[in-house]
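Listed below are the residues making up each chain.
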Amino acid sequence: MPDPLPRKSKTPAQEAFETLAFLWGGVAVAAFFGWQYNVSVVHPLVQQVNGALSPYTLPWLEKTFGHVNPVLGLLFNLAVIASILFVLSMTLIPILERLFIRDLIRRGEREGRKIEALREKVQFKAAKKNHAR
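In this report, the structure presented in the accompanying data block is examined. It should be emphasised that the depicted structure is a prediction, and the values quoted were computed from it without experimental measurement. By convention here, each chain's residues receive numbers from 1 onward along its written sequence. Local features in a predicted model are, by the rule used here, given only for residues with pLDDT of at least 70; side-chain atom pairs are given and counted only at 80 or more, and totals for whole chains, interfaces and linings are based on all residues. Calculation of side-chain values draws on the structure's entire complement of heavy atoms; hydrogens and water are dropped beforehand.

## Remarks on the overall build of the chain
Test applied: Helix numbering and strand numbering both begin at the N terminus, where a helix is a DSSP run of H or I of at least 4 residues and a strand a DSSP run of E of at least 2. Burial classification: accessible surface area is computed with a 1.4 Å probe over protein chains only, and a residue below 20% of its type maximum counts as buried, one above 50% as exposed, and the rest as partly exposed. Residue contacts are defined here by distance: any two heavy atoms, one from each residue, within 4.5 Å place the two residues in contact. For the accessible areas, the method is Shrake-Rupley and the probe is 1.4 Å, while residue cover comes only from the protein chains on display.
In terms of helices and strands, the chain carries four helices and zero strands. Sequence-ordered secondary structure for the chain, helices as α and strands as β, is α-α-α-α. Across the 133 residues in the chain, those meeting the buried criterion constitute 18%. For the chain, long-range pairs separated by at least 24 residues make up 68% of all intrachain contacts whose partners lie at least 6 apart in sequence. Total accessible area computed for the chain in this model is approximately 10,700 Å², and 66% of it derives from carbon and sulfur atoms.

As structure tokens, this is what we get:
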């Protein structure tokens, strides 16, 4: 069986996009569980956001699905907030991309120094063997 091909690395833009997606998705999940388990700072904040969005989203959800569990409404509101924040933070992608590119350059420089040190070590050993003969 042939060796698998090496995985293609992600571009800095893809990494920036994924970073933002996971950030806001994680914030939404953390907000839901913070509300669910009555975390002192999160619970009132989520209640405020839910109270502000429910008059707009709840009638639409009820029209679409019929009777809606309030927790489903809360989840939908958190998803709406996370989506809006994600779309608004798309402007950060070029900034994050530059940071990831800088990180790749530093990593490449480090690897290059390792290879140069290894090459010098091998040349030193080869030169040492030639002098011994």
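The discussion continues.
## Looking at a nonpolar patch on the surface
Note the following rule: Each patch is built from residues that are more than 30% exposed by relative accessible area and take part in no salt bridge. Like charges join if they lie within 9 Å; nonpolar side chains (Val, Leu, Ile, Met, Phe, Trp, Tyr) join within 5 Å. Salt bridges are defined by distance alone: a side-chain nitrogen of Lys or Arg within 4 Å of a carboxyl oxygen of Asp or Glu.
A contiguous nonpolar surface patch, about 410 Å² in accessible area, is contributed by Val-29, Phe-33, Tyr-37 and Val-39. Secondary-structure assignment places Phe-33 in helix H1 (residues 12-36).

## Quick word on the side chain of Asn-77
Considering the arrangement of structural elements, one finds Asn-77 in helix H3 (residues 70-88). With residues up to four places along the chain from it excluded, the contact list for Asn-77 reads Asn-50, Leu-53, Ser-54 and Thr-57.

## Side note on the packing of H1 against helix H2 (residues 42-65)
Rules: Axis geometry follows a simple rule: fit a line to the C-alpha atoms, using only the stretch in contact for helices, then measure angles between N-to-C directions, giving values from 0 to 180 degrees. Orientation labels follow simple angle bins: below 35 degrees gives roughly parallel, above 145 gives roughly antiparallel, 65 to 115 gives roughly perpendicular, and whatever is left gives oblique. Any residue that is not Ala, Val, Leu, Ile, Met, Phe, Trp, Tyr, Cys, Pro, Asp, Glu, Lys or Arg is counted as polar, Gly included; the first ten are nonpolar and the last four charged.
At a minimum axis separation of 8 Å, H1 and H2 run at an interaxial angle of 110 degrees. When the axis of H1 is compared with that of H2, the two are roughly perpendicular. Where H1 abuts H2, its residues Ala-30, Ala-31, Gly-34 and Trp-35 lie against Val-42, His-43, Val-46 and Gln-47. For the contact of H1 with H2, the class distribution of residues is five nonpolar, three polar and no charged.

## What about the environment of Met-90?
On the secondary structure map, Met-90 appears in the loop between H3 and helix H4 (93-132). For Met-90, a relative accessible area of 30% puts it in the partly exposed group. Separated by 74 residues in sequence, Met-90 and Ala-16 have C-alpha atoms that sit 9.2 Å apart. For Met-90, the residues in contact, after removing those within four places along its chain, are Phe-17 and Leu-20.

## A short note on the nonpolar core
This is how the line gets drawn: Grouping buried Ala, Val, Leu, Ile, Met, Phe, Trp, Tyr and Cys residues that are joined through side-chain atoms within 4.5 Å yields what is termed a nonpolar core.
Membership of the largest hydrophobic core is limited to six residues, which are Ala-31, Phe-32, Trp-35, Val-46, Leu-74 and Leu-78. Those elements that place two or more of their residues in this core are H1 and H3. Dropping the residues within four chain positions of it, Ala-31 is found in contact with Val-42, Val-46 and Leu-78.

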